[in-house]
Amino acid sequence: MECTRRAFMRNVGVGTLGLGFGVSVFPGIYQYAEAQTQTQGHDVHMKGTINFKGFIAKEVTPNDEFYITSYSPKVPDISLDKFRLRVEGLVENPYALTLKELEAMQDKRGYVTLECIGNPVGGNAISNALWDGVTLRKILEKANPNPGVIKAAFFAAEGYTDSIPYELALSEEVFLAFRMNGEPLPPEHGYPLRVIVPGIFGMKNVKWLSKIELVNYDFKGYWEKTGWSDEAVIPQMSEVLMPMDGKRIPPGHYVIGGIAFGGRHGISRVQVFVEGQNWQEAELKPPVSKWAWTLWRCEWTPTREGDFSIRVRAYDRSGEPQESPSLLGRVLGSYPDGARGIETIHITVEKP
Ligand SMILES: Nc1nc2c(c(=O)[nH]1)N[C@H]1C(S)=C(S)[C@@H](COP(=O)(O)O)O[C@H]1N2
Ligand SMILES: [Mo]
């Protein structure tokens, strides 16, 4: 991921890139790894956490811990009196909607996991929330679209743009969200209105949406103009969240846990590799929705002291494993289609 793109990513790149977890302003998805060694055998209660048989995690990310990626540091300050969503382009009836009108049309509520296309293997630019909104198709149909539309282009208040194929826009999966985990969208997550495109990388989930334009050409958005994937389909991926990479832990009985996400591909299996053992099946927690990540766990009792590497791989609904470029342990960077590879973490077992 290029530097310019990184500049304002509050939460990206602290995974496996050697910066260390400590630099993340927001703890993101990794903070509970710490809990494991401190709470073996105790019941932990932390706000918003679930305990999946010893794997402590936040299955739904609280709004103030949700990753943020914006191309600009500006967070538009949008007043509701002035806010209008305009629907224009190849339509018979261009029109505009207030937030109240949009809210009155609500027909969607669902958990959707967002992931930034810049998220490195093992990175924490991935989060899961419950979104309320209205189906995009419903908004478009009210404008009476003309024939020949190829794409729905999205324009944001601070200048960002993106687009999706018209067919996808009409799919009933895509919606415009005005609430996140039961609250109005926080300013940095797109208040008052954003796009949610389940299973497609975060960049298509345009925040501060102000205009939708139906066009008869292959519109390219802000990132796509510089070569980032326009399809932006999230591939199957998985990460170890617990124990935390680099930890020194005493001999004992441990739970290894993490997330797997397959976007449109879904997740059917997760396997974990601990040095000295074969790949073993992880136990999966059924996801909170079809479009949300899957928590997985397995148990481990180290039989010696010393260094261990731990790896994870996910399989999609059709049984395809996630990509592992050439050799295990090698990963590919995120440009232009999103990072590929198997995460490896390192743990040292030693007597305290
Ligand atoms: N208006 C606007 N929308 C945007 C962006 C942006 O810079 N401006 N960034 C996109 C990118 S790259 C991602 S990954 C997601 C992140 O959404 P979040 O910040 O709510 O997690 O927003 C997308 N929508
Ligand atoms: Mo992104």
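Just so we're clear, the structure is a prediction, and the values are computed from it rather than from any experiment. (Residues numbered from 1 in each chain as written. Chains lettered and ligands numbered in written order. Predicted model: local features only at pLDDT ≥ 70, side-chain atom pairs only at ≥ 80, totals over all residues. Heavy atoms only, no water.)

J.: How would you summarise empty space enclosed by the protein if you had to cite specific residues and measurements?
T.: Per the counting criterion, the structure on display carries two cavities of 30 Å³ or more. Lining the largest cavity are 20 residues, with Thr 69, Ser 70, Gly 202, Met 203 and Lys 207 positioned closest to its centre. Among the residues forming the lining of the largest cavity, the class breakdown is 11 nonpolar, five polar and four charged. (1 Å grid on protein atoms, 1.4 Å probe; cavity = no way out; pocket = protein on both sides within 12 Å on 5 of 7 lines; lining within 4 Å. Points joined across faces, edges and corners; volume = space filled by probe spheres on them. Nonpolar A, V, L, I, M, F, W, Y, C, P; charged D, E, K, R; others polar.)

J.: Can you tell me about the sheet that holds strand S13 (residues 237-242), naming the residues and giving the values?
T.: Pairing in this open sheet of four strands is antiparallel, and the strands run S13-S15-S19-S18 from one edge to the other. The open sheet terminates on both sides in strands that have one partner only, identified here as S13 and strand S18 (283-285). With strand direction ignored, the average angle separating the axes of adjacent strands in the sheet is 30°. (Pairing = 2+ DSSP bridges. Helix = DSSP H or I, 4+ residues; strand = E, 2+ residues; numbered from the N terminus. Axes fitted to C-alpha atoms, helices over the stretch in contact; angles between N-to-C directions.)

J.: I'd like a rundown of the layout of surface pockets, residues and numbers included.
T.: In this structure, the largest pocket spans a volume of roughly 200 Å³. Along its surface, the largest pocket is lined by 20 residues, and Pro 235, Gln 236, Met 237, Ala 339 and Arg 340 are the ones closest to its centre. Among the elements that take part in the lining of the largest pocket, S13 stands out by supplying three residues, more than any other. Residue composition of the lining of the largest pocket, by class: nine nonpolar, seven polar and four charged. Taken domain by domain, the lining of the largest pocket gets at least three of its residues from each of domain 1 (36-57 + 235-349) and domain 2 (74-226). (Domains from an automatic or database assignment.)

J.: Describe the sheet that holds strand S7 (residues 151-156), listing the residues and the values that go with them.
T.: Reading across the sheet, the five strands line up as S4-S3-S12-S7-S8 and stay open at both edges, with mixed pairing between neighbours. The sheet terminates laterally at strand S4 (95-97) and strand S8 (161-165), the two strands that pair on one side only. Pairwise comparison of adjacent strand axes, ignoring direction, gives a mean angle of 20° for this sheet. Note that strand S3 (residues 85-89) and S4 share three bridges and pair antiparallel. Its bridge partner lying in S4, Leu 85 is registered against Leu 97.

J.: Account for the site of ligand 1, with residues named and values stated.
T.: Lining the immediate surroundings of ligand 1 are 20 residues, of which Tyr 67, Glu 158, His 189, Arg 194 and Lys 207 lie closest. For ligand 1, an oxygen atom lies 2.6 Å from a polar atom in the backbone of Tyr 67. Separating an oxygen atom of ligand 1 from a side-chain N or O atom of Arg 194 is a distance of 2.7 Å. Protein chains shield 100% of the accessible area of ligand 1, which is 540 Å² for the free molecule. Judged by the fraction of its atoms near the pocket grid, ligand 1 is located in the largest cavity. Tallied by class, residues from the shell around ligand 1 come to 11 nonpolar, five polar and four charged. (Near = heavy atom within 4 Å. Polar contact = N/O pair within 3.5 Å; in protein donor to acceptor, adjacent residues only side chain to side chain. Areas by Shrake-Rupley, 256 points an atom, 1.4 Å probe, with all protein chains shown as cover. Sits in = over half its atoms within 2 Å of the grid points.)

J.: Please set out the nonpolar core residue by residue, giving values where relevant.
T.: Core analysis: the largest hydrophobic core is formed by 55 residues, its most contacted members being Leu 102, Ile 139 and Leu 176. Composition of this core by domain shows at least three residues from each of domain 1 (36-57 + 235-349) and domain 2 (74-226). Leave out the neighbours within four places in its chain, and Leu 102 touches Phe 83, Leu 85, Leu 97, Val 134, Ile 139, Phe 178 and Leu 193. (Core = buried A, V, L, I, M, F, W, Y, C linked by side-chain atoms within 4.5 Å. Buried < 20%, exposed > 50% of the residue type's maximum accessible area, 1.4 Å probe, protein only. Contact = heavy atoms within 4.5 Å.)

J.: Can you lay out the pattern of salt bridges for me, pointing to particular residues and giving the numbers?
T.: Enumeration over the complete set of coordinates arrives at 24 salt bridges. Between Glu 283 and Arg 297 there is a salt bridge whose closest N-O contact spans 3.1 Å. Here the residue Glu 283 occupies a position in strand S18, and Arg 297 occupies one in strand S19 (residues 294-300), the gap between them amounting to 14 residues. For Glu 283, a relative accessible area of 30% gives the class partly exposed. Between Glu 305 and Lys 351 there is a salt bridge, with the nearest N and O atoms lying 2.9 Å from each other. Taken together, the residues span a long stretch of sequence, with Glu 305 in the loop between S19 and strand S20 (306-315) and Lys 351 in the segment after strand S23 (343-349) at a distance of 46 residues. It is possible to trace a salt-bridge network through shared partners that takes in Lys 151, Asp 162, Lys 204, Asp 218, Lys 220, Glu 224 and Asp 230. (Salt bridge = Lys/Arg side-chain N within 4 Å of Asp/Glu carboxyl O.)

J.: I'd like to hear about the confidence of the model for the chain, residue by residue, with values.
T.: Per-residue pLDDT for the chain averages 88, and the proportion of residues at 70 or more is 86%. Long-range and interchain partners of residues 1-27, a stretch whose pLDDT sits below 50, account for 61 contacts in this model, where long-range means more than four residues apart. (pLDDT = per-residue confidence, 0-100.)

J.: Give a detailed account of the side chain of Thr 344, specifying residues and quantitative values.
T.: Tracing the backbone shows Thr 344 in strand S23. A polar contact of 2.9 Å, which involves the side chain of Thr 344, links it to the side chain of Arg 311.

J.: Can you tell me about the pairing of strand S12 (residues 209-215), naming the residues and giving the values?
T.: On any regular strand, side chains alternate: one points to one face of the sheet, the next to the other face. Most of S12 sits out of view: six of its seven residues are buried. For S7 and S12, the ladder comprises six bridges, and the chain directions are antiparallel. Bridging across to S12, Ala 156 finds its partner in Leu 209.

J.: Just give me the short version of the environment of Leu 99, but keep the residues and values in it.
T.: Relative to the elements of secondary structure, Leu 99 occurs in helix H3 (residues 99-104). Along the sequence, Leu 99 and Leu 80 sit 19 residues apart, while their C-alpha atoms lie 7.2 Å from each other. Setting aside anything within four residues of it in sequence, one finds Leu 99 in contact with Leu 80, Phe 83, Phe 178 and Pro 192.

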